[in-house]
Structures are given as structure tokens and as C-alpha cells.
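Given next are the chains, with one letter for each unit.
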Amino acid sequence: MEYLSVQDVSNIWNISKRRIQVLCREGRISGAKMIGNMWVVPEDTERPVDGRTKNPVKEEQKVFSAVRRDLKKLLKVLYKKCDEIGLSEESKKAYVLTILAGTLCKQYLHDSEDRYTIYKRIYKDIKGEEEKFILDNAIVSLVEEYLYSYADNSEIDNIVSWAYQYLNKIIAPNDYSQTQFFTEKYMIQYLVDNIGDIANARKILDPCSGGGNFLVECYESLCGDSAIVNIEEYVIEKAKQLYGYDIDKEITKIAVVNIRIRAISILNRRKCKVSFDIWDKITPNIFCSFEKDRVKGSLAKDNRLVKNIITGELVKQNIALGNAEMILTNPPFATIKGMLDEQKRFLKANYPLSNCDTCVSFFEAIYEMLAPNGKCGIVSQNAWMHLKTFSKIRAKLVSEYIFHNIANLGSGAFYDLSGEKSNVSLLIFEKRINGKILNNKIRVLNLTTESLSDKINILEGNHKEYIMISQNDIDGINGFDFAKKSARKKIEESKELYKEVAVPMQGTSTGNAKELVAYFWEHFNEKEWILVSNGGGYCRWEGLNDSVVKWGNDGEYIKAQKGSALRNAKYFNMTQMVFSDTGTAGLNVRVLLKNQIFIASGPGIRVINGSEYAHLAFLNSRLAANYVRTISPKLTIAAGYIGQIPIRESIYTSVILERNAKLCVDLKKSFLQYRPNNVEYSAESLEKLNGTVEKQAWEIFRSDLTNELLKLEIENQCDEYILAEYDLTKEEKTQLDVQVGTCAYKIKGSQDIDLRKLDQYIDKLTDMACMLKRTRASKNSLGSDGILEFISKDLHVSPELIVKRVTENPFIMEKTLSKYGDLLLHNTILRLFNYNVNTGVLRDRVKIEEAVDELNKRFGLSIDSENWIIEKFIKIHTGIFKGIPFLLIKDGEIQKYDK
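Residues numbered from 1 in each chain as written. Predicted model: local features only at pLDDT ≥ 70, side-chain atom pairs only at ≥ 80, totals over all residues. Heavy atoms only, no water.

1. Focus on the overall build of the protein chain
Phase 1: Scanning the protein chain from terminus to terminus reveals 33 helices and 27 strands.
Phase 2: Radius of gyration (C-alpha) of the protein chain: 30 Å, near the 29 Å computed for a compact globule of 899 residues.
Phase 3: For the protein chain, the residues scored as buried account for 58% of the 899 residues in total.
Phase 4: Counting only contacts in the protein chain whose residues sit at least 6 apart along the sequence, the fraction spanning at least 24 positions is 74%.
Phase 5: As presented, the protein chain carries roughly 38500 Å² of accessible surface, and 48% of it is formed by carbon and sulfur atoms. (Helix = DSSP H or I, 4+ residues; strand = E, 2+ residues; numbered from the N terminus. Rg over C-alpha atoms; globule rule 2.2 N^0.38 Å. Buried < 20%, exposed > 50% of the residue type's maximum accessible area, 1.4 Å probe, protein only. Contact = heavy atoms within 4.5 Å. Areas by Shrake-Rupley, 256 points an atom, 1.4 Å probe, with all protein chains shown as cover.)

2. Considering the packing of aromatic side chains
Phase 1: A complete count under the given rule lists 31 aromatic pairs for this structure.
Phase 2: By the ring-pair criterion, three or more aromatic residues cluster together here, those being Y519, F520, W521, F524, Y681, Y835, F881 and F886.
Phase 3: When the ring centre of Y166 is taken as origin, the NZ or CZ atom of K72, which lies over that ring, is 4.9 Å away.
Phase 4: Between K92 and the ring centre of Y79, over which it is positioned, the NZ or CZ distance is 4.6 Å. (Phe/Tyr/Trp six-rings, centres within 6.5 Å; stacked < 30°, edge-to-face > 60°. Lys NZ or Arg CZ within 6 Å of the ring centre and 35° of its normal.)

3. Regarding the environment of L566
Phase 1: With respect to the helices and strands, L566 occurs in the loop between α20 (556–559) and β20 (577–579).
Phase 2: Separated by 316 residues in sequence, L566 and K882 place their C-alpha atoms 28 Å apart.
Phase 3: With residues up to four places along the chain from it excluded, the contact list for L566 reads T508, W551, D554, I558 and K559.

4. Observations concerning the confidence of the model for the protein chain
Detail in the predicted coordinates should be disregarded across regions flagged by low pLDDT.
Phase 1: Model confidence for the protein chain is summarised by a mean pLDDT of 86, while 90% of its residues fall at 70 or above.
Phase 2: Residue range residues 173–179 is modelled with pLDDT below 50. Its contacts to residues more than four positions away, or to other chains, number nine contacts.
Phase 3: When the criterion is pLDDT under 50, residues 481–485 qualifies, and its contacts beyond four places in sequence or with other chains add up to 13 contacts. (pLDDT = per-residue confidence, 0-100.)

5. Concerning helix α6 (residues 137–149)
Phase 1: Helix length check: α6 (13 residues) gives 18 Å between terminal C-alpha atoms against 18 Å at 1.5 Å per residue, within 8%.
Phase 2: Of the residues that open α6, the one with a side-chain oxygen 3.1 Å from the backbone nitrogen of A138 is D136. (Expected span 1.5 Å × (residues − 1). Polar contact = N/O pair within 3.5 Å; in protein donor to acceptor, adjacent residues only side chain to side chain.)

6. Focus: the sheet that holds strand β22 (residues 597–598)
Picture the strands of a sheet paired through backbone hydrogen bonds; they go either parallel or antiparallel.
Phase 1: The strand order across the open sheet formed by four strands is β17-β19-β18-β22, and the pairing between neighbours is mixed. Looking at the sheet topology across the chains shown, the edges are occupied by β17 (517–519) and β22.
Phase 2: Direction of pairing for β17 relative to strand β19 (residues 547–550): antiparallel, over a ladder of three bridges. What sits directly across from Y519, in β19, is S547. (Pairing = 2+ DSSP bridges.)

7. Overview of the packing of helix α9 (residues 185–194) against helix α10 (residues 213–223)
Phase 1: Running from amino to carboxyl end, α9 crosses α10 at an angle of 50°, the nearest separation of the two axes being 10 Å. Judged by the inter-axis angle, α9 sits oblique to α10. Viewed along their axes, α9 and α10 form a crossing whose handedness is right-handed. Two secondary-structure elements touch here, α9 through K185, I188, Q189, L191 and V192 and α10 through N213, F214, E217, C218 and S221.
Phase 2: Class assignment of the residues belonging to the contact of α9 with α10 gives a composition of five nonpolar, three polar and two charged. (Axes fitted to C-alpha atoms, helices over the stretch in contact; angles between N-to-C directions. Parallel < 35°, antiparallel > 145°, perpendicular 65-115°, else oblique. Left-handed = near helix turned anticlockwise from the far one by under 90°. Nonpolar A, V, L, I, M, F, W, Y, C, P; charged D, E, K, R; others polar.)

8. Thoughts on the pairing of strand β7 (residues 305–308)
Consecutive side chains of a regular strand alternate in pointing toward one face of the sheet and then the other.
Phase 1: Bridge analysis of strand β6 (residues 285–289) against β7 gives three bridges, and the strand direction is antiparallel. Bridge assignment links F287 to a residue of β7, and that residue is N308.
Phase 2: Note that β7 and strand β8 (residues 314–316) share three bridges and pair antiparallel. Residue pairing across strands places V306 opposite V315, the latter belonging to β8.
Phase 3: Linking β7 back to β8 in an antiparallel pair, the connection comprises five residues, with G312 at a positive phi of about 80°.

9. Concerning the nonpolar core
Phase 1: I204, W384, Y498, L587, F618, L619 and I645 are the most contacted members of the largest nonpolar core, which has 192 residues in total.
Phase 2: Among residues more than four places away in sequence, those in contact with I645 are E496, L497, Y498, L587, F618, L619, A624, Y627 and V628. (Core = buried A, V, L, I, M, F, W, Y, C linked by side-chain atoms within 4.5 Å.)

10. Digging into the pattern of salt bridges
Phase 1: Applying the stated criterion across every chain yields a total of 46 salt bridges.
Phase 2: With a closest N to O distance of 3.1 Å, K93 and E250 form a salt bridge. A residue pair is termed long-range when its members are at least 10 positions apart, and K93 in helix α4 (residues 89–106) and E250 in helix α12 (residues 249–269) qualify at 157 residues.
Phase 3: Taking the relative accessible area as the measure of exposure, E250 reaches 39% and is therefore partly exposed.
Phase 4: Of the charged contacts, one joins R262 and E217 as a salt bridge, the two residues approaching to 3.3 Å between their closest N and O atoms. Placement of the pair is R262 in helix α12 and E217 in helix α10, with a sequence separation of 45 residues.
Phase 5: Overall, E217 belongs to the buried group, its relative accessible area being 4%. (Salt bridge = Lys/Arg side-chain N within 4 Å of Asp/Glu carboxyl O.)

11. Structural notes on a negative patch on the surface
Phase 1: A surface patch of negative charge is lined by E2, E43, D44 and E46.
Phase 2: Mapping E46 onto the fold places it in the loop between β3 (38–42) and α3 (56–84). (Patch = residues over 30% accessible without salt bridge, like charges linked within 9 Å, V, L, I, M, F, W, Y side chains within 5 Å. Lys, Arg positive; Asp, Glu negative; His and termini not counted. Charge placed at Lys NZ, Arg CZ, Asp CG, Glu CD.)

12. Digging into the pairing of strand β9 (residues 324–329)
Phase 1: The buried count for β9 comes to six of six residues, which makes it a mostly enclosed element.
Phase 2: Summarising the sheet, strand β4 (residues 204–206) and β9 pair through two bridges and their orientation is parallel. Bridging from a neighbouring strand, L205 pairs with I327 of β9.
Phase 3: As defined by bridge partners, β9 adjoins strand β10 (residues 370–381) across five bridges and the pair is classed as parallel. Bridging from a neighbouring strand, L328 pairs with G377 of β10.

13. Brief notes about unusual backbone geometry
Phase 1: Look at D554: it is not a glycine, yet its phi comes out positive at around 60°.
Phase 2: Within the secondary structure layout, D554 lies in the loop between β19 and α20.
Phase 3: Located in the positive-phi region is N595, a residue other than glycine, with phi close to 65°.
Phase 4: Along the polypeptide, N595 turns up in the loop between β21 (589–591) and β22.

14. Things to note about the sheet that holds β6
Phase 1: Ordered in space as β8-β7-β6-β5-β4-β9-β10-β12-β11-β13-β14, the 11 strands form an open sheet in which the pairing is mixed. Looking at strand neighbours, the two that pair on one side only are β8 and β14 (467–470), the edges of this open sheet. On average, each strand axis in the sheet is tilted by 25° relative to the strand beside it, whichever way the strands run.
Phase 2: Along the sheet, α12 contacts β5 (242–246), β6 and β7; its crossing angle with β6, the most-contacted strand, is approximately 170°.

15. A look at the environment of W521
Phase 1: Residue placement: W521 occurs in the loop between β17 and β18 (529–533).
Phase 2: Taking C-alpha positions, W521 is 33 Å from A614, a pair spaced 93 residues apart along the chain.
Phase 3: When residues no more than four places from it in sequence are discounted, the contact partners of W521 are D546, N677, F881, K882, I884 and F886.
Phase 4: There is a polar contact of 3.4 Å between the side chain of W521 and the backbone oxygen of F881.

This is the structure we're talking about:
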């Protein structure tokens, strides 16, 4: 298929390039995709008839989001209502879930059914015991109103499961509830639709069944379109083919309730005169642990007894979960980080090839659960397909299974998770019984760069062709050897690994960050508190230096905390760099300041060979960031993965990279000198400015823009140098652009810039300190280290052009200059207090009259100084210092807070 540039399409369709880019971003041009930072359009694509046409999948996604958002609100209201009717804490969750399930069920039954009987019976199923039941009509009415609002939305079918998940977080959040996320319906539908002939499967199993969402959709597939005349008997019999297990006993009860509700729904759609009497006749085989178990679950290998949640019968696990003809499941994604010691020991002993990865362990366990030639559809993290640490298990799985489908979704695949830390794939495979099968081909869909709505649209069969790959080639982040088409393979030709020339290190775990980590302005002049790298966001070269840790004598306060761990403390004085461990926006590395230490969220890097600044330039390159993103199983950045980056001596000893990195650090320092919530702040920076507030605000804004533009240019030079050292081809560079975006400096978009709209846009993107509030311009791109980079990436406009246009007519930028002016006025007040980032404020109070005189003296009468102080100062001060101010206005004075 041939593609056209936006300019070519603009000429053909006679509409502006900007309009075409908007249409592409909104999904209104069929087949349009982004290569790096440029949109391209299939040459045979027709011009949209109505520019206002909306993407139906996006609209459905919005509705789904509304369904769940309103459900969360409803649950909080219902939980409070439970207090009004005197329910105990132990009964509230079961009661709320009962009202939801009962009301949902009731809408499929005839009005003559006794609703109290329905609710009471469901309450018994969920609570697990007979108990006095009060039916509150006001609570029922709230649920009825909610269900009526979304009656035509398919998301309602699984509403009880979602309610269970959300209630866990509302009522009693714990480690398990925080990692318990049920499978999205579109994922389930893809696996159910593509796994094969479900109708002929005599045993369908989900060994991690949760609320039964997979089993419910399989049940629908078995019965929903059946032409059987005696449909009621058929629905009753087919339920017996469903098998599920979950380590959480409470959720197994929800699975039974969901399956029974679906049975009634199916019969209702078939125009059957369905009665609630059928409820107890629907008997899926749902099991839970018989013994107390928080670790093994369906991974247990001791053939223990499990309990049928409906009958109470005890059955051997291999009978309950074995010989399944089809398995559909979404196992836990837990990895060794944060795992219970008991679980680590269990996985190491029973699944030694899994590297303490629970999801990978299930691939092995499923082999024992499947019947000969049985099939499995699974939601999986995809690290096992490419990481070297999983090479042995990868070889084992490729030899034991025949893989049919891999749909790599990447991150951003769940509605409820905006920054989830796992790359997700949907896989379908078959148990192999006759030895190795040669030349098996796998259908692969790579959707990592697609939006959530586009992922759904493509999985439903629209657009995007499969790639056929050999099973022997399973490797790479997309379920195949992606290195053959990317820069990764070229990089790996370097024999030296980064861990051989530097030591990326884990940071100290405080055991109680809430008490032991704070902002520096909360602890001025307190010697027990010292400057610490705390991560906290995306930032290159220098920055994020706003935190302190309660250290005391040799880490005494941390040592006293249960669960704490001092790590690499002896290397604090030998460490040159730190990085943020949250890597959604990509690897980002900064200099470690003098007398600053590092903890787990902002770990350190100690250079052994070469120039620390050359190292810094390399680690902040697109190539290094992309390599770490490719090999890391999650979107957190562990020190070990940085150590695996191949590197060349010509890079870490480069004088050119050293010089350029020093320039980038200096440019960041220049930016931070005006920000009083960073330790780089300098009150002397104000002395360089003169004129009205507006003119001085423009000087700071202009300095920010021009310095960032220069930094982007230098970063591009570093990038080009590094790519040349690895001898990347044009195709490999293009693929790198696709994966992480181009350098902002190379973006050449030249569409017109409306300065008033740009002004509003910058105002929304920046905080009170005139710093960027969000860093990623798109899901696929790396983070942005400043406002100019973000705007350029987001609008696909040349950063040089942006600076040129703003510089030509700066005072149109009223909102932006007003925000910079507020920062300037605020800093002038701080100077009256002799504010210093080390000692704090040296004066306890300043009369408002004195402050007004100082502002008038410095800025003339260009502002109403007294009104600004009274109306705006505290709001701005509180915003700059992140909700923890140290000044207040009282009795006609600006005063220091008393601790």
C-alpha cells in the first residue's frame, strides 16, 4: 500500500494541512497512521464526507468510561446509604453487590416475580450464609436509575464484577485489591471469537476466573445464538461445561451470580417465559481453595483439594482444573518486585524458569490443565517473548505449544489505567502432543502505537493486516524478532554492556516515605533532613531537586522502619547520575548534586569508565530510551535493564558528547534559577531584569524559549552522533522514529500559529511555577523536558517557528505573560524575606505596606500591588510550593508559618 504525505493530500483534497492533521488525530481518515511525528494517508483513501463525523469506537469508549465513572460515584453513595439502614461493615459490600445484581436480574424477569425473594436469594449467594435481609427501596431506586441510563450499553453485562473491584478499593484497599483488574470486554471478545470451536468444547476453564467474565462470554457463545428448541434445558446443561477457579473465595461467588444472570438474560432474549426458579438450576463448576491460601492458587502442584462453591463438594485439583479442552484466562501480572517472600519461594521451587513472574508461571501450569490438543486464549504480559532472562522458558513454551495468534496491545489497553506499567498481549495457542511441528506460522497484530479506540476497532476486524511470522522467530517485544526491523539488533552488535562501564544501582527503600520523605521547604535548617533524589517525573539533565529525606546519623531513621532497606549508601559520594524509576515516558537521567543522596524512586548510576557527561548524553538519547523500553517487561525502569544496554567506547569517552551534555545541564540550570521550588533557584536572577512586570515576565519567558530551543538543537546533535556511531541505516532510523518519535528539533511543520490559542494552550499546560504539568505529547512518544518540546511534538510544528512567531509579537501572549508575571512578583516578595533554598526565610514577617512599596519601586505603577498581594499572592505561593506554603497573610502582614 502506498502512502501520501499530508501536503500531498492537502493539494488533492484542497483543504489545509492543519485540518488533515486534526482529522488524522481524531481517527476520521481511514488508514491514516503516524510515522515518527508525521501523518501519512493511504493514497486510495476517500476524503471524509462530513468532517464532523466521529469515530464510533471512540464514542463507545467515552460511554464505557462514563458507565464506570458513574458506577464509582454510585457505589460511594450506596455505601453511605448502607450506614443509614444500619448495616454492619461486614455486610455492606455484599448488600451493595446484591442490589446491583438483583436489579440487573430483575429487568430480565416478569413483573409478577417477587422481588424480595430475588434479592434475598442473591444476597445468600454473595454473603455465603442465611442472614436477615432488608430491601431498601431508596437504594434500589438509585440502582434502577443508573441501569436505566445505560440500558443499551453492553458494559452493563459485567457491572457486578466491576463493582466488586471498585468496592475493594473504596472499602478496604490492600495489596491484592490494588492489583486486581478484570479483563476488558474487547479483549475477552477477541479471544473468544478467535480461539476456535467453543461449541464443541466439553470443558471450558478459567483458572483465574475472577468475576467470571471470560466464562460468561463463553456461555454466551455456547447459548446465545443457539437454534435449539428447548433452549431452557440447553442453557441449564451448557452451564455445566463451565469451570472456574479463583484464590479469592468472595469473587468466585460473584462469578456464579454473573453466570446465572447471563442465563436468565439469554432466555429473556429468546422470548422464553423465564422464572427465577431457574436460578438454582444453573450450576457452573466454580472452585476456590479449601485451605487458607494467598500464594499458590491454581499454580499449586500438590493436587490439593478444592471446593465447589455451589455444592460444597471437595474435589482434587487435577480433576477440577485438568483435561480442559479450552482455557481462557487473564492471570495475575505480579513480578518479584513487591512480592511476598512466601510467594517468591514457591515460584522458585515450582516454576524455576519463570523468574518469579506469576503470569509466566501460568503458561507452564496451563500445559498440565489442557487436554491433548486443547487450546488456550490468554491475556499476558509480553516480556517472556523477548527478555534474555526468559530464554529458557521461551524455548520450552515454543516446543510445547503451537501458537496461532498474537495481538500485541502494548500499554494503554485498559480503560481504568491511565499509566499502567505493563505491556499486554493477547495470545492463542494449542497444546502440542506429537513433537515439534515445523514451519508453524503465527498471525501477529502489533497495536502498540495505536490509541485504545483504534486497538478495539482493529481487533474487531477493521483495518490493519496481520503479519505472518514463524513460530521459531518468537522474540522481540511484539511477539516476534522485532530486532530484524529495528535498531535493536544493530545496537546489540556492540560487545560491551553498559554495566561494564557504569553501575546502575537500586536506591534505598525508606519503609515509610510518607513520614521520611518531604519537600525541602518543609524542613529548612533541620540537619536530620538531607537533599535526596526522589524521582517523581520525567526530567533530563538536571532537575526534580525538591525533596529531602530524614537521614540522621548514617540513616538511623530509615533503619528504624519496618520493611526498610539501605542500599548502596557507601556509594553516595561516588555516584554521578540519577534516574526516575517510573518509565512511562522513557528513560530520563540527571546529574546528582553535591551532598545529595538517592532512594528507590530516584536511583543512582556510578560511572566506572569514561566521562560522566558523555554517559549522561548517551542515557538521555532516544536510542538508549528505546532499548530500555524494548527489553523492560514493565514500564518501570529497573537498574538491571539499564545495565543491559550495549554501548561503545567511542560514545562513553566522547569529548563531543561530554561538551554537549555540559551545555544541556547549564541550560537547565538557567531555566531552574527562576523556580523557587527547586534547589537551583537563585534570588540573584532577579537582578538581571528591569522594566515593567510585563517586560520582565517576557524576558524570563523569552529566556526559557530560546534556551530550550538551543538545548533541543544540542540534543539533536547528540542523537545524530550516537546514531552514527552505531551505523544505523535510514530504515532503522525511520523505525526508531516510529517507536519513540523524532527529535523535536527535527520537526519541520510550518502551519500557521494562532498566538492567542497558543497562549491559552500554554496556560493550561503549565503550573504556577511556569513549568510543564504533563510530559508526553502522545502515547508512543518519549517525555518532553520543556514546554517548547511538548508543543512542537503535540502540534507537529517546528520549535524554531514557534519561537520565531512568539518573539515577533510576544505581548499577545497575555495569559502566559500574566503567569510569568505572577511568578516574578511572588519571587520578589520572597526576596524581601531573604528566602534561600537552604535556610528558608530569615524574616518572620513583612508588612503589606512594605511589600507594596517594594513592588512599586521595582515595577512602577504597572500593577495594583496591594490588590495583587491580598488577592493573589497566597494562591500563587501555595501553587508554587505544591500545596504546602510557608507564608500566610494575617493582620496586615505576610507572615511565616509557625510549626
